[in-house]
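# Close look at the chain arrangement
The residues making up each chain are set out below.
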Amino acid sequence: MAAQSLRPMKKILTIIIQLLFIICSALPAISQQGKDSSATKELDEVVITATRSERKLGNVAIPVRVIQQKTIQQTGSLRLQDILQEETGVVIVNSNLGSSLNGYPNPFGQGVQMLGLDPAYTLILLDGEPLIGRNAGILQLGRLATGNIRQVEIVKGPSSSLYGSEAMAGVINIITASPQKEKIEWQAHAGSHHTAAGTVSYANRFNRTGVQFFVNRYSSSGYDLDPSVYGKTVDPSRDWNSQLKITHDFSNQWQWLLSLRDYDSKQSNNYQIYWQNNPAIVRGYTTEKDQTAFSQLRWQWNTDHKIYFRTFYDHYRNHSYVNLDKTNTPFDETSFDQSILKPEIQFESGKPGKGLYTAGAGTYFEMINASRYAGKRTLTTLYTFTQEEWKMLHQKLTIIAGGRIDKRSDFAARISPRLGLAYQPDNKWKFTASSGWGFKAPDFRHLYLNFFNSQVGYSLLGSQELGSELLLMQQQGLLQNGADITPYLHPPALRPETSFGSHAGVKYNGNRWTIEAGLFRNDIRNLIDVFTLPFSRSNGQAIFSYHNVGRVYTQGVETDIKYKVSKTIFLSGGYQFLDAKDKEIIQQIKQSSLYERDPVSFQTRLVRRSDYFGLFNRSRHTANIKLLYDDEKSGWNAYLRLLGRGPFGYADVNGDNIADDPREMVKGFMMMNAAVAKSVNDHFQLQAGVENIFNYTDAQHLPEIPGRLFFVNMNYTFEKSFQYHKTNKK
């Protein structure tokens, strides 16, 4: 099985090696182009997420990846998940409930997997503030439009020292544009499956006040990957995204920011069920609404000291229903309502090149009211954090040390420290190392969820609901004959997850080459994961619940190589190797105490170490190759991207709850995306592209991949720099 799993990725690696060999062979014939522009560009790039303060990327001791607005525009894609999945080490995955879906789209959507950890462990920020409304730990990335994104910052590794519970795997911060100049933009998009989108944004400054408004509408007729099943794989939908930003400079010392955002989505529900042992059609809608408000007052009384006063509010609602088509009788209805209020104060002190001190404190007031829980539930979290940065050895060595204390109302206080360092002997080389602790407490879904999917027929039960619900199902005859529920009537209480992660990396910025490599390791205790009970419902569908996996590790290596072929041609490639396994499973295999039973022959045998692939839904190999042509003089640019993902475990079929059988694996695959654009003049640009050129689909395991997609974009941009009038001088 191991040899078979490597074949698709060997093809990708072979292509990468061949391309790099061709480039290296051509190097002597290509003249050098003077000054080290790659290194200079990195030193000037400003990031925020790694330290919660504005720092130049070249000075940051924590590994950070940045996706610039220009790169997003060159892809032509309107979906944030498509942008993220092209980054090395970032994998867009389904919830690991995929085995129950039988070709239907996952109701929980897709999320970000980093360093081999599930989407629940990556914190998603919008302009530095956390978004809520996760389903099965996944935050739907489709709620965020790409049209007004200025840059995306990706911090990998435990970041609980600054951001708390959900940042065990890292942080992704989507930073939107601010009103710095007069700017008008609009975009019209048309694509396959009757996809249509329109975007309008306007920004300007009026004396001391800046205003920016953004609105986007996106709609699609959906698609069908399996004509043998009634209905579409993904039903028609439409989304609205809008954001208003207002800034005002009261003086040199006082600045104010207000940001209001609204998301509104509606998707059709149309599928076949069995009603009173007969097939029937149900129809309805799912609506999502997400509204946020953010206010920040910054007081900078001199060049070395700042205080930020922030208040953030987020209200997320999800409502879904279907009725029987013929009689309009209600069949299923669910609702989810979550809100959060987060006041915070942050202090910064420091001089450029002399280090920086950051400290802050705040609280979360969170409320959840959902049909899948027993009534309204609330919780409160108090937190404080501090971080110090030192510059040494003539600013060649940077050391960062910090930590955070979180106290949630239903569990003990947790301390999360972190230490990082960076050494830059010159402007070409940079060496980094960092270590940190992270944690994640069980959330409401882990404890109290009681969910039955009426479309597919499976159940997902929180640990506190498992025993009582199994008893009820047994009394109602909803379990398979002979099901032994005794071991699950009193499951052990879930424990908070803890992690310790380390990363060591090196980066080289040359005249033409940028080479980056890193090693990472994460050790997690008490990882909360979904498991399948060894018996099913009477309809044959699975029953899922949550348990602490015990001791899990994820480790691996990431590499990124960029090469400037010429002034207009850029080639890059990235690769990640991931090893993610359960230490207790390895111990059971060593002790010859783990058995599997073949579902066809019913023969039982010991599981061997070579059989164990690793944790479900993790690919050992992922890779990408990108070729960019960008000629500003002619107005042409073209962007070709090849993405590869290796095999991964999908569902247990032999009763041992691990991925160790070829029948449990999804084959590796490759996808290719391309976009070409031409600037007609200084304001207009036409763009066309194809996503998933190879037309890869897997209706059963990966229904979120719709097959080959064509699109065209028309973009208009008008901008001019703003200058204060004389009356505005401070």
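Since the structure is predicted, the reported quantities are computational estimates derived from the model, not experimental observations.

## Quick notes on the overall build of the protein
Looking only at helices and strands, the protein features eight helices and 39 strands. Partitioning the intrachain contacts of the protein with sequence separation of at least 6 by distance along the chain shows that 63% fall at a separation of at least 24.

## Quick word on the sheet that holds strand β28 (residues 542–548)
The sheet built from four strands is open, its strands ordered β23-β24-β28-β27 with mixed pairing. Each edge of the open sheet is held by one strand with a lone partner, namely β23 (450–452) and β27 (528–536). Taken over all neighbouring pairs, the strand axes of this sheet differ in orientation by 25 degrees on average, direction set aside. The pairing of β23 with strand β24 (residues 459–461) spans three bridges and is classified as antiparallel. Note that in β24 the partner of Phe 451 across the bridge is Leu 460. Lying on the sheet, helix α7 (residues 463–475) is in contact with β23, β24, β27 and β28; it crosses β28 at an angle near 150 degrees.

## Describing the nonpolar core
Looking at soluble globular proteins, one finds that nonpolar side chains tend to be buried together. Core analysis: the largest hydrophobic core is formed by 52 residues, its most contacted members being Tyr 121, Tyr 163, Tyr 373, Tyr 546 and Tyr 612. In this structure Tyr 612 touches Lys 581, Asp 582, Ile 585, Ile 586, Ile 589, Arg 620, Ile 658, Ala 659 and Asp 660, once residues within four positions along its chain are discounted. Of all hydrophobic cores here, the second largest spans 20 residues; its members include Ile 67, Ile 72, Val 112 and Leu 141.

## A closer look at the packing of aromatic side chains
Throughout the structure, instances matching the rule amount to 21 aromatic pairs. Here Trp 186 and Tyr 716 contribute two aromatic rings whose centre-to-centre distance is 6.2 Å and whose plane-to-plane angle is 20 degrees, an arrangement assigned as stacked. Residue Trp 186 is located in strand β10 (residues 181–191), and its partner Tyr 716 is located in strand β39 (residues 709–721); the two are separated by 530 residues in the primary sequence. For the ring pair Trp 429 and Tyr 508, a centre distance of 4.9 Å and an interplane angle of 50 degrees mean the geometry is tilted. Separated by 79 residues along the polypeptide, Trp 429 in strand β22 (residues 429–440) and Tyr 508 in strand β25 (residues 497–509) bring together distant segments of the chain. An aromatic cluster of three or more residues is present, and its members are Trp 254, Trp 299, Trp 301, Phe 347 and Tyr 357.

## Some points on the pairing of β27
Within a regular strand, the side chains alternate between the two sheet faces. Counting buried positions over the nine residues of β27 gives seven, a clear majority of the element. Here β27 runs beside β28; their pairing, made up of six bridges, is antiparallel. Counterpart to Asp 529 in the pairing with β28 is His 547. The hairpin turn running from β27 into β28, its antiparallel successor, is five residues long, and Gly 540 in that turn takes a positive phi close to 90 degrees.

## Comments concerning helix α8 (residues 583–590)
Inspection of α8 places Ile 585, Ile 586 and Ile 589 among the buried residues, and these make up the whole buried set. Buried residues of α8, seen end-on, are gathered within an arc of 100 degrees and therefore sit on one face of the element. Against β29 (551–564) and β30 (569–582) lie the buried residues of α8. Capping the start of α8 is the job of one residue whose side-chain oxygen sits 2.9 Å from the backbone nitrogen of Glu 584: Asp 582. Once α8 ends, the next one or two residues include Ser 592, with phi positive near 55 degrees.

## Let's talk about α7
Helix geometry: α7 is bent most strongly at Glu 469, by close to 25 degrees. Among all positions of α7, only Ser 463, Glu 465, Leu 466, Gly 467, Glu 469, Leu 470 and Met 473 are buried. In this fold, the buried residues of α7 make contact with α6 (444–448), β23, β24, β27 and β28. Downstream of α7 by a residue or two, Gly 477 has a phi angle that is positive, lying close to 70 degrees.

## Some details on the sheet that holds strand β3 (residues 64–68)
On the basis of which strands lie adjacent, the open sheet formed by five strands has the order β3-β8-β9-β6-β7 and mixed pairing. Unpaired on one side and paired on the other, β3 and β7 (129–130) mark the two borders of the sheet. Pairing of β3 with strand β8 (residues 149–156) involves five bridges; the strand directions are antiparallel. The residue bridging Ile 67 from the neighbouring strand is Val 152, located in β8.

## Looking at a nonpolar patch on the surface
Together, Trp 186, Val 200, Val 680, Phe 684, Leu 686 and Met 714 give the surface a local cluster of nonpolar side chains, amounting to about 500 Å² of exposed area. Trp 186 sits in the partly exposed class, given a relative accessible area of 30%.

## Quick word on the pattern of salt bridges
Scanning the entire structure with this criterion turns up 35 salt bridges. Here Lys 342 ties to Glu 344 by a salt bridge, and the two come within 3.5 Å at their closest N and O atoms. Overall, Lys 342 belongs to the buried group, its relative accessible area being 4%. The partner of Asp 443 in a salt bridge is Arg 445, and the shortest N-O contact between them spans 3.1 Å. Asp 443 sits in the partly exposed class, given a relative accessible area of 21%. What emerges from the salt-bridge pattern is a single network uniting Arg 65, Glu 87, Lys 507, Glu 516, Asp 560 and Lys 626.

## Considerations on the confidence of the model for the protein
Low pLDDT means the predicted atomic positions in that stretch should not be read closely. When pLDDT is averaged across the protein, the result is 86; 89% of the residues are at 70 or more. Low pLDDT (under 50) marks residues 15–40, which in the prediction has 41 contacts with non-local residues, meaning those over four places away or in another chain. The low-confidence segment residues 97–106 (pLDDT under 50) makes 35 contacts with residues lying over four places distant or belonging to another chain.

Calculation criteria
Residues numbered from 1 in each chain as written. Predicted model: local features only at pLDDT ≥ 70, side-chain atom pairs only at ≥ 80, totals over all residues. Heavy atoms only, no water. Helix = DSSP H or I, 4+ residues; strand = E, 2+ residues; numbered from the N terminus. Contact = heavy atoms within 4.5 Å. Pairing = 2+ DSSP bridges. Axes fitted to C-alpha atoms, helices over the stretch in contact; angles between N-to-C directions. Core = buried A, V, L, I, M, F, W, Y, C linked by side-chain atoms within 4.5 Å. Buried < 20%, exposed > 50% of the residue type's maximum accessible area, 1.4 Å probe, protein only. Phe/Tyr/Trp six-rings, centres within 6.5 Å; stacked < 30°, edge-to-face > 60°. Arc of directions from axis to C-beta. Polar contact = N/O pair within 3.5 Å; in protein donor to acceptor, adjacent residues only side chain to side chain. Bend = angle between axes of the 7 residues up to and from the residue. Patch = residues over 30% accessible without salt bridge, like charges linked within 9 Å, V, L, I, M, F, W, Y side chains within 5 Å. Areas by Shrake-Rupley, 256 points an atom, 1.4 Å probe, with all protein chains shown as cover. Salt bridge = Lys/Arg side-chain N within 4 Å of Asp/Glu carboxyl O. pLDDT = per-residue confidence, 0-100.

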